[in-house]
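Results of the structural survey
Residues per chain, in single letters:
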Amino acid sequence: MDNSEVSYAGLMLDERRETVGIFINASDVVIKNSKIHHNLYGIRFVNVSNCLIINNTIAECNVGLEFVFAYNNTIISNRLSSNTVEGIHLLYSCNNSVVNNTITSSYNYAIGMSLDFSQSNNITGNRVSGTVAGISLSESHNNYINNNVIYNNDEGIHLSGSDNNIITNNTIYNNDIGIYLFTVDSNNRITHNVVYDNEVGIRVWYSDNNSILGNYLSDNTCAISLSTTKNMTIYHLSLIHI
């Protein structure tokens, strides 16, 4: 699908009989250069692989893009704005690349990008702002979160029950909490991030055996907060307050 517009419509009913803008249940699909807005879901993919979603504008849906049981897909250079629940949602999905997308929201209860029960995804080069959580991982493991710019959210990056993720080279600023490890997260590596002008730079709560290495933290009200946490590795930090 190229250079199309889909709005105020459900092209197909999903398995719950809810209307969606576009429902995809096939692999090797390309959707590009299209405008999708004012639908329950912008595009919903179920049981798909090797799809390409590039250079689309998706706005004013409940969920902009959702992938369920999806593998080896590429989501690149899309613009997602003012989606009320989530910009991008990966559920039970693995080995996908989410690259160079811009996600903004005027709804402070929306999530920019969420991964639930999803493994080994590459989240790189995205810009996320204006959400309750910029990037949220729940029960999701072995993901790579790299070189994203995350700002003006309640929480920049939020992990819950998620292990063995790498969070590196991100720029995170003007959030209430920059990076939050919340309950039962372990063996995550938080390295070489620039975290500044947040209320709390990095918060770790009820999470053990994580590493915080080589991060630059500047002008946060609280640089690092640790609560009920053990076996943490923290070194090579730059802590600056001007």
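Look a little higher up for the structure.
Reference entry: report on the structure contained in this document. (Residues numbered from 1 in each chain as written. Predicted model: local features only at pLDDT ≥ 70, side-chain atom pairs only at ≥ 80, totals over all residues. Heavy atoms only, no water.)

Here's the deal with the sheet that holds strand β7 (residues 41–49)
Short version of the rule: Any two strands with at least two DSSP-identified bridges between them are counted as paired. The helix count covers DSSP runs of H or I at least four residues long, the strand count covers runs of E at least two residues long, and both are numbered beginning at the N terminus. Here an axis means a line fitted to C-alpha atoms, over the contact stretch when the element is a helix, while the angle between two N-to-C directions is reported on a 0 to 180 degree scale.
Strand order in the open sheet formed by 10 strands is β4-β7-β10-β13-β16-β19-β22-β25-β28-β31, and the pairing between neighbours is parallel. Edge strands, defined here as strands with exactly one partner in the open sheet, are β4 (22–24) and β31 (222–227). On average, each strand axis in the sheet is tilted by 5° relative to the strand beside it, whichever way the strands run. Judged from the five bridges that link them, strand β25 (residues 177–182) and strand β28 (residues 200–205) form a sheet pairing that is parallel. Counterpart to Ile179 in the pairing with β28 is Ile202.

Details of the environment of Cys51
Selection criterion: Three labels apply to residues, based on accessible area from a 1.4 Å probe with only protein chains included: buried if under 20% of the type maximum, exposed if over 50%, partly exposed otherwise in between. The contact rule is simple, with two residues in contact once any of their heavy atoms fall within 4.5 Å.
In this fold, Cys51 is placed in the loop between β7 and β8 (52–54). The exposure class assigned to Cys51 is buried, which follows from its relative accessible area of 1%. Ignoring anything within four residues of it in the chain, the contact list for Cys51 reads Ala26, Ser27, Asp28, Val29, Phe45, Asn72, Asn73 and Thr74.

Remarks on the pattern of salt bridges
Applied cut-off: Definition used for salt bridges: Asp or Glu carboxyl oxygen within 4 Å of a side-chain nitrogen of Lys or Arg.
In the structure shown here, the tally under the stated rule is one salt bridge. The salt bridge involving Glu66 is made with Arg44; its shortest N-O contact spans 2.5 Å. Highlighted residues: Glu66 in strand β10 (residues 63–71) and Arg44 in strand β7, separated in sequence by 22 residues. With relative accessibility at 5%, the residue Arg44 sits in the buried group.

Digging into the side chain of Asn165
Worth spelling out the cut-off: By the criterion applied in these results, polar contacts are pairs of N or O atoms within 3.5 Å in which, for protein atoms, one can donate a hydrogen and the other can accept it, and in which residues neighboring in sequence qualify only through two side-chain atoms.
With respect to the helices, strands and loops of the structure, Asn165 is situated in the loop between β22 (155–160) and β23 (166–168). You can call Asn165 buried: its relative accessible area is 0%. There is a polar contact of 3.1 Å between the side chain of Asn165 and the backbone oxygen of Ser140. Polar side-chain contacts of Asn165 include one of 3.3 Å to the backbone nitrogen of Asn142. The contacts of Asn165, once residues within four sequence positions are left out, are Leu137, Ser140, His141, Asn142, Asn143, Leu159, Asn187, Asn188 and Arg189.

Notes on the sheet that holds strand β5 (residues 30–32)
Spatial ordering of the open sheet is given by β5-β8-β11-β14-β17-β20-β23-β26-β29-β32, a layout of 10 strands whose pairing is parallel. The open sheet is flanked by β5 and β32 (233–235), the only strands paired with a single partner. Ignoring which end each strand starts from, the neighbouring axes of this sheet average 5° apart. For strand β14 (residues 97–99) and strand β17 (residues 122–124), the ladder comprises three bridges, and the chain directions are parallel. Within the sheet, the bridge partner assigned to Val98 lies in β17 and is Ile123.

Section: the pairing of β10
Each regular strand carries side chains that alternate between the two faces of the sheet. Along β10, seven of the nine residues are buried, which leaves the element largely enclosed by surrounding structure. In the sheet, β10 pairs with strand β13 (residues 86–91) via five bridges, with the strands oriented parallel. Bridge pairing in β13 links Leu65 to Ile88.

A word on the state of the cysteines
Put simply, the rule is: Two cysteine sulfur atoms form a disulfide, by the criterion used here, when they sit within 2.5 Å.
For the structure on display, the rule yields zero disulfides. Of all cysteine sulfurs in the structure, the one in Cys94 sits closest to Cys51, which takes part in no disulfide; the separation is 15 Å.

Details of a nonpolar patch on the surface
How we decide: Grouping into patches uses exposed residues only, defined as over 30% relative accessible area, and leaves out salt-bridged ones; the cut-off is 9 Å for like charges and 5 Å for nonpolar side chains (Val, Leu, Ile, Met, Phe, Trp, Tyr). All accessibility values rest on the Shrake-Rupley procedure with a 1.4 Å probe; residue burial counts only the protein chains present in the view.
Together, Phe69, Tyr71, Tyr92 and Phe117 make up an exposed nonpolar region whose accessible area comes to about 360 Å². Within the secondary structure layout, Phe117 lies in the loop between β16 (111–116) and β17. The exposure class assigned to Phe117 is partly exposed, which follows from its relative accessible area of 38%.

As for the pairing of β13
Of all six residues in β13, six are buried, a share of seventy percent or more. Strand direction decides the pairing type here: β13 and β16, joined by five bridges, are parallel. In the strand pairing of β16, Leu91 is matched with Asp116.

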